[in-house]
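Chain residues, written in single-letter form:
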Amino acid sequence: MYLGLDLGTSGLKGLVIDDSGAVQAEATAPLNVARPAPGWSEQNPADWIAAAGTVLRALSDKVDMGAVAGIGLSGHMHGATVLDASDKVLRPCILWNDTRAHAQAAALDADPQFRAVSGNIVFPGFTAPKLVWMADEEPDLFAQAAKVLLPKDYLRLWLTGAHVAEMSDAAGTSWLDVGARDWSDDLLAATGLTRDHMPALVEGSAPSGGLRAKLAQDFGLRAGIPVAGGAGDNAATAIGLGIARGGQGFVSLGTSGVLFAATDGYAPAPETAVHTFCHALPDTWHQMGVILAATDALNWFAGIAGASAAELTANLGGLQAPGQALFLPYLGGERTPLNDAGIRGAFIGLGHATDRAAATRAVMEGVVYALVDCQQALAATGTRLDTLLAAGGGARSEYWLSALATALDLPIQVPQAGDYGAALGAARLGLMAATGAGADAMPLPPIARSFDPVTDKTQAFQDGYARYCKAQSAIKDLT
């Protein structure tokens, strides 16, 4: 069997598969996010280790963990986990959706070598500007920094004792030469760091180290089994969905929203605010449009409305044309295509007729329009999308998927019941590391149903998107 551990923002999930890829057991443990100041988002890495222990103990009650032959990792990207020379964590991890380093990010992005070498804009949520923020605001801690790890790679340190990262996650740091798949000494130097501060690099499907004997004993595993390089959460989700070839893609409605496209080569276009990253398999890349609030926006509105997101969306019925109410989902800034940490969201067009259902639809439509922005940005790079699979918790909403298919003008396929997310992708990478298997270990999932564009609503959604774009420009300097 093979174990995948997925470190998410709101929880850590463990998934065990057999050698045919069938799920044998799963377990989760919750995690919390601290927001000590406006725009800040942090987690304590010790909580990740505690959650991993909880998950491993729960799995050991369900299956014989001694049969696990390989482990894979996935996790939320861009987090700055800063260690001293004795591997002590110096401060809480600054997460992907933290925007405190917006000024430092803008300064780095103004240096042409960052886009030229990394293939991406330096976004405030990326790792490098967070270290520059530390140098500016916490110089005593920065001076003690010996290693900077991404969140899942701190789990790897606990599992193996090794400082190792892999290409897909490292591509989101602004320190990686994404085309060459290696750290850039020049980009590191521009942030006051050297290659010594970085972990070693492996491919996502390659072994990164062996499981420590103490942990093997604690959780009924075998000492020394390989821990794969793994992947950042979106690349791992792609592996779980079998997506690694040009034209294949997925749309994820998770805390954030992602429009993911596998590409046949490396073709960066940073001016579009599209992310161009390494994929988790050797010599492969992908592109993503990323919005910062998808289900996060719906959950925010649910809190205001005094109902759960499921209750809000349960009785919306068939797809309706967008109404007068319009929502812009910029609760904590936006990435693609705006690259604006300061912009904030808005409801406009509210009237006496705006009831709870109308406001719920407006929130969902706002997320849809933000993903159309991502589609437009991807198209501007020449990237094509032929097929689109649905992922993330928001994909349980038939209304949302119907609206997305209509606005994107693409069929959206929903896998049959089962887990095809990042934890499965991590487990598949663990299988590859243990057996040497390749892309044949990541088949496409069986499809339960397809949501086709609702053609008699297409024009209404195009008109709604045009209003959205105008509103986006109008609020930019007001929020």
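It should be emphasised that the depicted structure is a prediction, and the values quoted were computed from it without experimental measurement. (Residues numbered from 1 in each chain as written. Predicted model: local features only at pLDDT ≥ 70, side-chain atom pairs only at ≥ 80, totals over all residues. Heavy atoms only, no water.)

Undergrad: Kindly report on the packing of aromatic side chains, identifying the contributing residues and their values.
TA: Going through the model one piece at a time under the given rule, you end up with 16 aromatic pairs. When the centroid spacing of 5.8 Å and the interplanar angle of 20° are considered together, the rings of W300 and F327 count as stacked. One end of the pair, W300, is in helix α11 (residues 295-305); the other, F327, is in strand β20 (residues 326-328), and 27 residues separate them in sequence. Both rings, one in F327 and one in F347, keep their centres 4.9 Å apart while their planes meet at 45°; by these two values the pair is tilted. With a gap of 20 residues between them, F327 in strand β20 and F347 in strand β21 (residues 346-348) connect regions that are remote in the sequence. (Phe/Tyr/Trp six-rings, centres within 6.5 Å; stacked < 30°, edge-to-face > 60°. Helix = DSSP H or I, 4+ residues; strand = E, 2+ residues; numbered from the N terminus.)

Undergrad: Explain the packing of α11 against helix α13 (residues 356-380) to me, and be specific about the residues and the numbers.
TA: For the pair α11 and α13, interaxial distance at closest approach is 10 Å and the crossing angle is 160°. If you check the angle between α11 and α13, you find them roughly antiparallel. α11 and α13 meet at a crossing whose hand is right-handed. Note on element contacts: α13 touches α11 through R356, A359, T360, V363, M364 and V367, opposite A297, L298, F301 and A305. (Axes fitted to C-alpha atoms, helices over the stretch in contact; angles between N-to-C directions. Parallel < 35°, antiparallel > 145°, perpendicular 65-115°, else oblique. Left-handed = near helix turned anticlockwise from the far one by under 90°. Contact = heavy atoms within 4.5 Å.)

Undergrad: Any details on the nonpolar core? Residues and values, ideally.
TA: Core analysis: the largest hydrophobic core is formed by 70 residues, its most contacted members being L131, W175, W183, I243, F250 and L429. Counting residues per element, this core draws most heavily on helix α15 (residues 422-435), which supplies 8 residues. Apart from residues lying up to four places away in sequence, W175 is in contact with T127, A128, L131, V148, W183, S184, L187, L188, T191, L193 and M198. One finds A261, V372, L385 and V414 within the second-largest nonpolar core, a separate group that totals 58 residues. (Core = buried A, V, L, I, M, F, W, Y, C linked by side-chain atoms within 4.5 Å. Buried < 20%, exposed > 50% of the residue type's maximum accessible area, 1.4 Å probe, protein only.)

Undergrad: Which residues make up α11, and what are the values?
TA: Residues separated by three or four positions in an α-helix point in the same direction, a consequence of the helix having 3.6 residues per turn. Within α11 the residues assigned to the buried category are T295, A297, L298, F301 and A302. Down the axis, α11 shows its buried residues gathered within 155° of arc, on one side only. Residues of α11 that are exposed and point over 90 degrees away from its buried face: G303 and I304. Those residues of α11 that are buried are in contact with β16 (247-253), α12 (309-313), β20, β21, α13 and α14 (398-408). With its phi angle positive at about 75°, G306 sits one or two positions after the end of α11. (Arc of directions from axis to C-beta.)

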